Amino acid sequence: MGIFKIEGGKQLKGQIQPQGAKNEALQILCAVLLTPEKVTIHNIPDIIDVNKLIDLLGNLGVTVEKLASGSYTFQAKTVNLQYLESEAFKQDGRGLRGSIMIVGPLLARFGKGYIPKPGGDKIGRRRLDTHFEGFIKLGATFRYNREDYFYGVEATQLQGTNMLLDEASVTGTANIVMAAVLAKGTTTIYNAACEPYLQQLCNMLNRMGAKIKGIGSNLLTIEGVTSLQGTVHTMLPDMIEIGSWIGLAAMTKSELTITNVNWEYLGQIPNVFRKLGITVEKRGDDIFIPAHKNGYEIQNYIDGSVLTISDAPWPGFTPDLLSIILVVATQARGSVLIHQKMFESRLFFVDKLIDMGAKIILCDPHRAVVIGHDFKSQLKATTMTSPDIRAGVSLLIAALSAKGTSTIHNIEQIDRGYEHIDMRLKAIGAQIERV
Ligand SMILES: CC(=O)N[C@H]1[C@@H](OP(=O)(O)OP(=O)(O)OC[C@H]2O[C@@H](n3ccc(=O)[nH]c3=O)[C@H](O)[C@@H]2O)O[C@H](CO)[C@@H](O)[C@@H]1O
Ligand SMILES: C=C(OP(=O)(O)O)C(=O)O
């Protein structure tokens, strides 16, 4: 397993261009299975999870051609359905979370979709009921093999229907939408997730000939069509990476420009950092973060009570940035309650920050109070292990701000979602080595 060695306490400076969005890429790549025609995709991030999914598509018989860095064509003229029943698929399929979204397109176009329990972060229970309840509603038969955690759905022709999702699941909505576009008749999906990832997916599907209305809302209406054609799609910049760079700049008192961020898709993200007292300046389509020489001060509520930052389905604040908010708060002036509502094991990494000298009280698995140091006491360097992708980056930010040399193990978790992070950090002055 890889290791980062970080010499912290250095100010960084410069420009950073966000990569294409990981969670969007995982949906878009699965959508290529819906058509026998060529699909060209640009701004694909070069990260472990995405590369695993591209390999999986190749194993399924999709012709994959790399045009340039980040640009590929995919053509699923025929698909090797036997691979779905192989031992190799059981290994490949559980390598990442995003693989679950091959099920909807395969079911819709080929009548069967199988998947072993998918991987992804170990951040609490991650059920798949919403996905399979949706497929069943569309008329699929469902089976689950408890022995080897293997899920399967089959149907000769999906039928449009009305459904109310039990929760606004991101990958669940994507999966059901990709099945419903080829169903017979009209499907309505209420309580649909509507993250920018999903808006991008639905817009792409419409360009392929699908008929989806209500994009960006929690009520999608999908008129089924018999076939879809090829298209060209460009991924948005990764909003979670953008948030990570904002946090990094503030915590290391660095001046950073994050370029071409697509402001209109950032939702609450800039404002939540502003609530921590961080200056997030809009300069055209860039974000400019000045060096916070005098620190940053957490805002209280109007009545003077302590601020809470919590997650919610879009357009609420994404759970994927709460770990970063938490680490940034450790050096703020003031206190904040971090409430991670969705996942129950995503805050345990605070133990490491406490070891480094941060003032945090973990109230329960979902809530932590952070009392900021206002830079009066620097975090101390240490050795740590990255438990999940976002905690990993939060620990990396802590290490870059800490005094001395820190070591982070299990950096594959970080490489799962951040493209060449060590090279990009070096380019803005960080001292980081991959060993
Ligand atoms: C590959 C991918 O795209 N992964 C993202 C996707 O995962 P994923 O699609 O797996 O996450 P879901 O949206 O299904 O659910 C996430 C968690 O939130 C809970 N939940 C969800 C909706 C809701 O209204 N109430 C609620 O409590 C679920 O029970 C689950 O524990 O969305 C998550 C939530 O934004 C992100 O953290 C992941 O980065
Ligand atoms: C939880 C995340 O990813 P995944 O769903 O792939 O585990 C994430 O991107 O923060």
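All of these numbers come straight from a predicted model, not from anything done at the bench.

**Considerations on the overall build of the protein chain**
Helix and strand counts for the protein chain come out as 14 helices and 23 strands. Relative to the 2.2 N^0.38 estimate, which gives 22 Å for 435 residues, the radius of gyration of the protein chain is 22 Å and therefore close to what a compact globule would have. If one aligns the C-alpha atoms of the protein chain with their principal axes, the spans along those axes are about 65 × 50 × 50 Å. In the protein chain, which comprises 435 residues, the proportion classed as buried is 49%.

**Concerning the domain arrangement of the protein chain**
In terms of domain boundaries, the protein chain breaks down into domain 1 (3-19 + 237-434) and domain 2 (22-234). Here the C-alpha centre of domain 2 lies 31 Å away from the C-alpha centre of domain 1. Each side of the interface is counted separately: domain 1 has 18 residues, and domain 2 has 15 residues. Of the residues that constitute the side of domain 1 that touches domain 2, the class distribution is seven nonpolar, three polar and eight charged.

**Some points on the sheet that holds strand 14 (residues 255-258)**
Taken together, four strands build an open sheet; the order of strands is 2-14-16-15 and the sheet is mixed. The open sheet has two edge strands, strand 2 (13-16) and strand 15 (281-283), and neither has a second partner. Sheet twist, expressed as the mean angle between neighbouring strand axes with direction ignored, is 20 degrees.

**Some words on the UniProt feature "binding site: phosphoenolpyruvate" (unreviewed entry) in the protein chain**
Those places that UniProt annotates as "binding site: phosphoenolpyruvate" (unreviewed entry) correspond, in this numbering, to Lys22 and Asn23. Among the structural elements, lysine 22 can be located in helix 1 (residues 22-31). Sequence-distant contacts of lysine 22, that is, excluding residues within four places in its chain, are made with Pro45, Ile47, Asp49, Val50, Asp238 and Gly417. In this fold, asparagine 23 is placed in helix 1.

**Focus: helix 6 (residues 170-180)**
Most of helix 6 sits out of view: eleven of its eleven residues are buried. Of the residues making up helix 6, those classed as buried are Val170, Thr171, Gly172, Thr173, Ala174, Asn175, Ile176, Val177, Met178, Ala179 and Ala180.

**Overview of the site of ligand 2**
Within the structure, ligand 2 sits among Lys22, Asn23, Asp49, Arg97, Gly120, Asp121, Asp320, Ile389, Arg390 and Gly417. Mapped onto the shell around ligand 2, the elements with two or more residues apiece are helix 1 and helix 12 (389-401). By residue class, the composition of the shell around ligand 2 is one nonpolar, three polar and six charged. When residues of the shell around ligand 2 are assigned to domains, at least three fall in each of domain 1 (3-19 + 237-434) and domain 2 (22-234).

**Quick look at the environment of phenylalanine 317**
Among the secondary structure elements, phenylalanine 317 is positioned in the loop between strand 17 (307-310) and helix 10 (322-329). Residue phenylalanine 317 is classed as buried on the basis of its 20 C-beta neighbours within 10 Å. With 50 residues separating them along the chain, phenylalanine 317 and glycine 267 place their C-alpha atoms 7.9 Å apart. The contact partners of phenylalanine 317, leaving out residues within four places of it in the chain, are Gln268, Val272, Ile309, Ser310, Asp311 and Ala312.

**As for the packing of helix 4 (residues 103-110) against helix 6**
Taken N-terminus to C-terminus, the directions of helix 4 and helix 6 make an angle of 15 degrees; their axes are 7 Å apart at the nearest point. When the axes of helix 4 and helix 6 are compared, the pair comes out roughly parallel. In this structure, helix 4 meets helix 6 at a crossing whose hand is right-handed. Contact residues: Val103, Gly104, Pro105, Leu107 and Ala108 in helix 4; Asn175, Ile176, Met178 and Ala179 in helix 6. In terms of residue class, the contact of helix 4 with helix 6 is built from seven nonpolar, two polar and no charged.

**Thoughts on the site of ligand 1**
Neighbouring residues of ligand 1: 18 residues in total, closest Asn23, Ser169, Val170, Thr171 and Met342. Mapped onto the shell around ligand 1, the elements with two or more residues apiece are helix 1 and helix 6. Among the elements that line the shell around ligand 1, the one with the most residues is helix 6, at three residues. Grouping the constituent residues of the shell around ligand 1 by class yields seven nonpolar, six polar and five charged. Built from parts of two domains, the shell around ligand 1 gets at least three residues from each of domain 1 (3-19 + 237-434) and domain 2 (22-234).

**Overview of the confidence of the model for the protein chain**
With 100% of its residues at a pLDDT of 70 or more, the protein chain shows a mean pLDDT of 96. We note a pTM of 0.97 for the whole complex and an ipTM of 0.98 for its interfaces.

Definitions and limits used
Residues numbered from 1 in each chain as written. Chains lettered and ligands numbered in written order. Predicted model: local features only at pLDDT ≥ 70, side-chain atom pairs only at ≥ 80, totals over all residues. Helix = DSSP H or I, 4+ residues; strand = E, 2+ residues; numbered from the N terminus. Rg over C-alpha atoms; globule rule 2.2 N^0.38 Å. Buried ≥ 20, exposed ≤ 12 C-beta atoms within 10 Å, placed from the backbone. Domains from an automatic or database assignment. Contact = placed C-beta atoms within 7 Å. Nonpolar A, V, L, I, M, F, W, Y, C, P; charged D, E, K, R; others polar. Pairing = 2+ DSSP bridges. Axes fitted to C-alpha atoms, helices over the stretch in contact; angles between N-to-C directions. UniProt positions renumbered as here; feature names shortened; annotations may be inferred. Near = placed C-beta within 6 Å. Parallel < 35°, antiparallel > 145°, perpendicular 65-115°, else oblique. Left-handed = near helix turned anticlockwise from the far one by under 90°. pLDDT = per-residue confidence, 0-100.

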